[in-house]
Amino acid sequence: MYKFIARRLLSTIPVLVIVAVLVFLLLRLTPGDPAAILAGDAASRDQIAQIRISLGLDKPIIVQFGIWVSHILRGDLGESFYFKIKVTDLIAQRLEPTLALASFTLVIAVLVSVPLGVIAAWRFGGWFDRALMGFSVLGFSIPVFVLAYILIWIVSLKLGWLPVQGYKRIGDGFWPFLRHLILPSITLSVIYIALIARVTRASMIEALGEDYIRTARAKGLPESRVLIAHALANAAVPIVTVIGIGVALLIGGVVVTESVYAIPGLGRLTVDAVLARDFPTIQGVILFFSFVYVVVNLLIDLSYVIFDPRIRY
Amino acid sequence: MISFRRIAVLAAAFAAMGASPGAFAQGKVLRVVPHSNLSILDPIWTTAYMSRNHGYMIYDTLFGTDAKARIKPQMVDTWTMSKDGKTWTFKLRTGLAFHDGAPVTSEDVVASLKRWGRRDALGQQLMTFVEEMETPAPDTFVLKLKEPCGFVLEALGKPSSNVPFIMPKRVAETDPFKQIDDYTGSGPYIFKKDEFKPGDRAVYIKNTKYVPRKEPASGTTGGKRVYVDRVEWNLALRDPQSQVNALAKGEVDILERPAFESYGQLKEIKGVEVFNRDPMGFQYMCRFNALHPPFDKAAVRRAALAAFRQEAFLQAQVGVKEYYHTCPSMFTCNTPYATTAGSEIMAKSNMRKARELLKASGYDGTPVVLMKPTDLAAIQKLPDVAAQLMRQAGFKVDLQAMDWQTLVSRRAKKDPPSQGGWNMFCTAWVAPDIWSPLSNAALDTKGEKASWFGWPDDPKIEQLKAQFARELDLGKRKKLAAEIQAEAFAYGTHAPLGEYINPVALRTGITGLVVGPGDFYWNVKKN
Amino acid sequence: MDADAFSVEAAGVRQHESAWRRLRRNWSVRIGGSVLVLLVAIALAAPLLGTVDPTLFDAGSRDLRPGMTGQITTLDGDTIPHRFLMGSDSFGRDIYSRVIYGARVSLSVGLLVALLALAFGISAGLGAGYLRWLDGVLMRFMDGLMAIPGILVAIALVALWRGSLTTVVIAIAIPEIPRVTRLVRSLVLSIREEPYVEAAVSLGTPTWKIMFGHILPNTIAPLIVQGTYICASAILLESILSFLGVGLPPDIPTWGNIMAEGRVQFNEYPHNVFFPGLFLAVTVLAVNILGDGLRDTLDPKMARRV
């Protein structure tokens, strides 16, 4: 087992290296001169040339990459062109809202989708199953922002239950924090619920067909126990896996949701940085998100050891 | 029972938290949605209007411009001009102090003017007249000029970018091409550096030691009295529909520039009002690049001018009838130098004439590369209208969409359009930036040496402007301004496209908004 | 690492004859397919459906509600009366014409992205699955590419390269490639073990012949299924890019662009978002339903998993 963990840990290194290369190339190979952008609209050619040298943009691309990586390894993502502060500080400032939104969404999604998927599998082929499958396809098909506008219009404007926008830090009090998160999280969780419910249902159907379920039922165990303790426990691996895949989906959703609900998180930062051609910030944020994605999937792989002791490595 | 009690305790705890502990301590908070993001905190380094507005929060100025475009003293108490017009002596009023408690002295003033004079266009012109700036006493400074200059007060009281804000000497000595990092001013608000989160929010608290002038506030002049304890700029709320929703629900107090499409909704919402704080408003213009075909020929530029019906632009872009009007003057209307000279080509614009002019100009079908910004709602429809009108007149148009950042860096390129250059773009100016021939960047006609993009080359305009700068008599200046405009229309420097206002939307409890060419938050009361 | 939940074993070979018949009997395929055929027909026949040039506008006709009549000025300068079936936007452009012409763009984006991602994914997957020396490097590269959230890559690429149909399609397709590659690779690996392939190898059949003659045909069914899902998500992603202001240029009528412009006044004139949103949702829904149906009929083993 420890060997598996060690091997899995080591396998993330090449992935991270390739991510770094891709992120670096993504921006270096695009048109547009970072120096000209940084210099502002009234800069002369000489000033731009000076800035180019100070940024190290005059060096060969391999050297630039080396410098860049050595900075990253020291935890230095450079300074934002547009926001004029360190990218690491910027990410730190924007982390809380995104983290709150993402974890809240995840909690809602899992709490809603897993029971739905279990029930659908239990009543496989019945009306509930059909309805859920219908909903899940629908959930994949509605653009997040349309859903957001509709929810805001109904829940906030017509019913007046929740704020229409904004984010309150958890330090400003728990209730305001929660109130501001509910609507964005629900918006974002729909596609996630659709995805997890589908996978839960599918893996439950498979698990329910196994021999040990028949054995458990034959032993006269209560149906709820059979469903949860036996079937769901055995269907856990694909469910946990799909949550990992969904992290990428979640990051995409965060970008849109934060824009509509005016949440100053990392998603908004990405859009702002891209529109402002803020190269260090774009690189920093993409690198950060990729890192999170790799780590989450690492943790999920490692968690198989817990969820499915039968897996031998 | 125990679990019940525990729930009750928890609920009470939530309720207590819900009361937001900060609310009592903060007092009155004005929550503003500014028109753009605040990223640069040095209003001398950049001309960005957000940075200018930030400057007005925390700095004070020597002179100001009132709501009727008259220059009035602000930090200055009294001043005199010598008979030969070459020595100006200014005395500061008493009670001026920076946020750190230090008094404002003439040395701070001179250092600030010097830095501003390196960056600002009008400041640079003023500095060509200045021989020396002296500080005979802590409350007195003297401008010694080489020759009489007609726009000393106009420059010092300049209401819009770059505004000669007065900073402490240690800050003003920063290299003008580097940004400052010490935000100590002497204005009515103090910047909370520790609460500033770019792209999220900027916070200002009341400067309790600020001594306002006695006169009522008007424009950037008069008593800057502060009636709220804290102003919060919400920099995260950018989606126009979300802005309207937030105002409707009272989650914010003021929207600086609602999208034009939002006014219909805003007028229907109870508890929300629309108020125009800038009666002089903005002027739209489309700019030609005089370096490259087809707009290197005056005849072609004038054919485009003839096609540009201002009403078409204004109706599509602004749409709300009472918020726009056509205006033939390049110096904006209802201002001292407003004139109709030379504007017939546009005022009587019609398609048939445009087609004739274009045919006569020998236009060979070279496509016009027209740059369109996709992320600036206030101007992004202009290029579409221009394209349609020009196509109707017989032009070939290549409408290229890009974000404003890209447009800004591309418009600085003098290369031909095929090599990354351009032929035309459209933009908007606040009236004070263009109401004088000296400050109107579009009338810098020094060819490739011109400071603004498009590089028209017309020595006659430059010569008239030089005369204008030296002229002290208002009547003669007006005449010169009219001549400059007539020549500019004949040359086809740019196309003025009419004027608009972009009123603020605010909660009904908010009163006392100052009228003027900027977004100022003194004098505002919140019930 | 993670795609295993979707990974599949090869579909059987001997189902070809009955596949077409099973397809026609499947309700998901019938519904999804016919809606899609209808949409394609609408897109192709756009000029014949009472539309006007979708870029033409007349500010005098702005913000008309659905069904109202206004006017439109043509490029020749003639002003003609026009009935705005789905209303007009804040330019005074005809939403109906824009939505109909928008179908062309959205459907092309979906189709092109799916084809592009499949083309690259298949080549990479065949290479990785069949050529040992390539496998390690290529799959590590794909792992890296997969670790970068797709939407971020797309946003950055489109914004930095400036939106055009080509850049949007490439930007959306790139993040999809690793998934296809993995799928193809796993299919290749399992098909390689099949007796008839082993037999071919032992008979000395050249590698390329095995790849294209034996292996590729067996990957078609799962790839068609995967392709439809890519198509659906590409159409959706295009609209999200436009919404964020980093999609196709705003003067090109796409459903995303129409909604992005209409959202400013969503509460007052919801028709600007409603009609394109409806078309978008129906299209994506149809493609997804078709995908589900194809999966159920062509690829029963996968159907059991997801």
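Nothing here was measured: the structure is a model prediction, and the numbers come from that model.

Is there a simple way to explain the overall build of chain C in this structure?
Scanning chain C from N- to C-terminus turns up 12 helices and two strands. The secondary structure elements of chain C, listed N-terminal to C-terminal, are α-α-β-β-α-α-α-α-α-α-α-α-α-α. Principal-axis analysis of the C-alpha atoms gives chain C an extent of 75 × 45 × 35 Å. Within chain C, buried positions represent 59% of all 306 residues. Contacts in chain C between residues far apart in sequence, at least 24 positions, make up 69% of those at least 6 positions apart. When the accessible surface of chain C is summed, it comes to about 12,000 Å², and 66% of that surface belongs to carbon and sulfur atoms. Here chain C holds 25 positive side-chain charges and 24 negative ones, and the gap between their average locations is 8 Å.

Explain a positive patch on the surface to me, please; I cannot follow it from the model alone.
All names here are of chain C. Together, Arg21, Arg24, Arg25 and Arg30 make up a positively charged patch on the protein surface. When residues of the positive patch are assigned to their parent elements, the largest contribution, three residues, is made by helix 1 (residues 16-25). Position of Arg30 among the secondary structure elements: in helix 2 (residues 27-44).

Explain the interface of chain C and chain A here, please?
Accessible area lost upon the coming together of the parts serves often as the stated size of an interface. Facing the 47 residues of chain C at the interface are 51 residues of chain A. When chain C packs against chain A, the two sides together hide about 4,400 Å² of surface, and 76% of this comes from carbon and sulfur. Our enumeration of links across chain C and chain A arrives at one salt bridge. Between Arg198 of chain A and Asp292 of chain C there is a salt bridge, with its nearest N and O atoms 2.9 Å apart. At the junction of chain C and chain A, the tally comes to three residue pairs in polar contact (both at pLDDT 80 or more). Within the residue set of the side of chain C that touches chain A, elements represented by two or more residues are helix 4 (132-147), helix 5 (150-161), helix 9 (207-243), helix 11 (271-298) and helix 12 (300-305) of chain C. Looking at side-chain class alone, the side of chain C that touches chain A contains 33 nonpolar, five polar and nine charged residues.

Is there a simple way to think about empty space enclosed by the protein in this case?
Regions of empty space are outlined by a rolling probe, equal in size to a water molecule, passed over the atoms. Residues and elements named next belong to chain B. Counted under the stated rule, the structure contains one cavity of 30 Å³ or more. Counted as a void, the largest cavity has a volume near 100 Å³. Around the largest cavity, the lining is made up of 15 residues, and of these Arg257, Arg277, Asp278, Phe282 and Asp519 lie nearest the centre.

Is there a simple way to explain the interface of chain C and chain B in this structure?
Chain C puts 26 residues into the contact, and the matching count from chain B is 30 residues. When the two sides are added together, the surface that chain C and chain B hide from each other amounts to roughly 2,100 Å², 53% of it contributed by carbon and sulfur. Counting across the interface, chain C meets chain B through one salt bridge. In this structure, the salt-bridge partner of Arg263 of chain C is Asp239 of chain B, at a minimum N-O distance of 2.4 Å. On inspection of chain C and its partner chain B, the count reaches nine residue pairs in polar contact (both at pLDDT 80 or more). Of the residues belonging to the side of chain C that touches chain B, the class tally is 11 nonpolar, nine polar and six charged.

Just checking my understanding: could you explain the state of the cysteines for this structure?
Here, disulfide denotes a covalent bond that connects the sulfur atoms of two cysteines. Residue and element names in this part refer to chain B. Inspection of the entire model under this criterion finds two disulfides over all chains. Paired by a disulfide, Cys286 and Cys426 hold their sulfur atoms 2.0 Å apart. On the sign convention where negative means left-handed, the S-S torsion of about 80 degrees between Cys286 and Cys426 marks this disulfide as right-handed. Highlighted residues: Cys286 in strand 15 (residues 282-288) and Cys426 in strand 19 (residues 424-430), separated in sequence by 140 residues.

I tried to follow the domain arrangement of chain B on my own but got confused; where do I start?
Residues and elements named next belong to chain B. Domain boundaries assigned for chain B yield domain 1 (47-172), domain 2 (189-279 + 503-526) and domain 3 (282-500). Computed over C-alpha atoms, the centres of domain 2 and domain 3 are 32 Å apart. Both sides of the domain 2 and domain 3 interface together cover about 800 Å² of buried area, and 65% of this is carbon and sulfur. Looking at the side of domain 2 facing domain 3, the largest losses of area belong to Phe260, Lys267 and Pro517, adding up to 57% of the total buried there. Scanning the region where domain 2 abuts domain 3 turns up two salt bridges. With a closest N to O distance of 3.1 Å, Glu322 and Lys267 form a salt bridge.

How should I be thinking about the sheet that holds strand 15 of chain B in this particular structure?
Sheets are built from strands that pair by backbone hydrogen bonding, the pairs being arranged parallel or antiparallel. Residue and element names in this part refer to chain B. Ordered by their spatial adjacency, six strands build an open sheet running 16-20-15-19-17-18, and the pairing between neighbours is mixed. For this open sheet the edge positions go to strand 16 (324-325) and strand 18 (397-402), each flanked by a neighbour on one side alone. As paired elements, strand 15 and strand 20 (residues 494-500) share five bridges and run antiparallel to each other. If you follow Phe282 over to strand 20, its bridge partner there is Tyr500. Sheet strands in contact with helix 15 (residues 404-411) are strand 17 (368-373), strand 18 and strand 19, and its direction is about 140 degrees off that of strand 17.

Sorry, what's going on with the confidence of the model for chain C here?
It should be kept in mind that the predicted coordinates are not to be read in detail where pLDDT is low. Residue and element names in this part refer to chain C. Per-residue confidence for chain C gives a mean pLDDT of 82; residues scoring 70 or more make up 91%. Contacts for the low-pLDDT stretch residues 1-15, under 50 throughout, to residues beyond four places or in other chains number 40 contacts. With a pTM of 0.83, the predicted complex shows an ipTM of 0.82.

I tried to follow the packing of helix 3 (residues 95-130) of chain C against helix 6 (residues 165-173) of chain C on my own but got confused; where do I start?
A pair of packed helices is captured by two measures, namely the crossing angle of their axes and the spacing between those axes. Residue and element names in this part refer to chain C. Look at helix 3 against helix 6: their axes get within 9 Å of each other, and the N-to-C directions meet at 50 degrees. When the axes of helix 3 and helix 6 are compared, the pair comes out oblique. You can see that helix 3 and helix 6 cross each other, and the crossing is right-handed. In this structure, helix 3 contributes Val105, Val109, Leu112, Val113, Leu116 and Ala117 to the contact, and helix 6 contributes Leu165, Val169, Ile170, Ile172 and Ala173. Grouping the amino acids of the contact of helix 3 with helix 6 by side-chain chemistry returns 11 nonpolar, no polar and no charged.

Can you walk me through the environment of Ile191 of chain A in this structure?
With respect to the helices, strands and loops of the structure, Ile191 of chain A is situated in helix 8 (residues 174-208). Look past the residues within four positions of Ile191 of chain A in its chain and what remains in contact with it is Gly139, Phe140 and Leu249 of chain A.

Would you take a moment to explain the packing of aromatic side chains for this structure?
Aromatic ring pairs are described here by two measures, namely the spacing of the ring centres and the angle between the planes. The full count for this structure, using the stated rule, is 44 aromatic pairs over all chains. On the numbers, 5.3 Å between centres and 45 degrees between planes, the contact of Phe24 of chain A with Trp68 of chain A is tilted. In this pair, Phe24 of chain A sits in helix 1 (residues 2-28) while Trp68 of chain A sits in helix 4 (residues 61-73), placing the two residues 44 residues apart along the sequence. Taken together through their ring pairs, the aromatic side chains of Tyr183, Phe191, Phe196, Tyr204, Trp233 and Tyr521 of chain B make up a single cluster. Positioned above the aromatic ring of Trp122 of chain A is the side chain of Arg123 of chain A, whose terminal nitrogen or guanidinium carbon lies 3.9 Å from the ring centre. Here the basic side chain of Arg477 of chain B rests over the ring of Phe468 of chain B, its NZ or CZ set 4.5 Å away from the ring centre.

What is the right way to look at the nonpolar core in this model?
Here is a general trend for soluble globular proteins: nonpolar side chains tend to be buried in one another's company. Counting residues in hydrophobic clusters, the biggest one holds 329 residues, and the most contacted among them are Leu62, Trp233, Phe308 and Phe395 of chain B. With 17 residues, the top contributor of residues to this core is helix 3 of chain C. The next biggest cluster of nonpolar side chains, apart from the first, holds five residues, and it includes Val52, Leu56, Ile72 and Phe84 of chain C.

Sorry, what's going on with helix 3 of chain C here?
Along an α-helix, residues three or four positions apart point the same way, because every turn accommodates 3.6 residues. With 36 residues, helix 3 of chain C should cover 52 Å at 1.5 Å per step; its first-to-last C-alpha distance of 51 Å lies within 8% of that length. The principal kink in helix 3 of chain C, of about 25 degrees, is found at Gly102 of chain C.

Scoring rules and cut-offs
- Residues numbered from 1 in each chain as written.
- Chains lettered and ligands numbered in written order.
- Predicted model: local features only at pLDDT ≥ 70, side-chain atom pairs only at ≥ 80, totals over all residues.
- Heavy atoms only, no water.
- Helix = DSSP H or I, 4+ residues; strand = E, 2+ residues; numbered from the N terminus.
- Buried < 20%, exposed > 50% of the residue type's maximum accessible area, 1.4 Å probe, protein only.
- Contact = heavy atoms within 4.5 Å.
- Areas by Shrake-Rupley, 256 points an atom, 1.4 Å probe, with all protein chains shown as cover.
- Lys, Arg positive; Asp, Glu negative; His and termini not counted.
- Charge placed at Lys NZ, Arg CZ, Asp CG, Glu CD.
- Patch = residues over 30% accessible without salt bridge, like charges linked within 9 Å, V, L, I, M, F, W, Y side chains within 5 Å.
- Salt bridge = Lys/Arg side-chain N within 4 Å of Asp/Glu carboxyl O.
- Buried area = accessible area lost by both parts, 1.4 Å probe.
- Polar contact = N/O pair within 3.5 Å; in protein donor to acceptor, adjacent residues only side chain to side chain.
- Nonpolar A, V, L, I, M, F, W, Y, C, P; charged D, E, K, R; others polar.
- 1 Å grid on protein atoms, 1.4 Å probe; cavity = no way out; pocket = protein on both sides within 12 Å on 5 of 7 lines; lining within 4 Å.
- Points joined across faces, edges and corners; volume = space filled by probe spheres on them.
- Disulfide = S-S within 2.5 Å.
- Domains from an automatic or database assignment.
- Pairing = 2+ DSSP bridges.
- Axes fitted to C-alpha atoms, helices over the stretch in contact; angles between N-to-C directions.
- pLDDT = per-residue confidence, 0-100.
- Parallel < 35°, antiparallel > 145°, perpendicular 65-115°, else oblique.
- Left-handed = near helix turned anticlockwise from the far one by under 90°.
- Phe/Tyr/Trp six-rings, centres within 6.5 Å; stacked < 30°, edge-to-face > 60°.
- Lys NZ or Arg CZ within 6 Å of the ring centre and 35° of its normal.
- Core = buried A, V, L, I, M, F, W, Y, C linked by side-chain atoms within 4.5 Å.
- Expected span 1.5 Å × (residues − 1).
- Bend = angle between axes of the 7 residues up to and from the residue.

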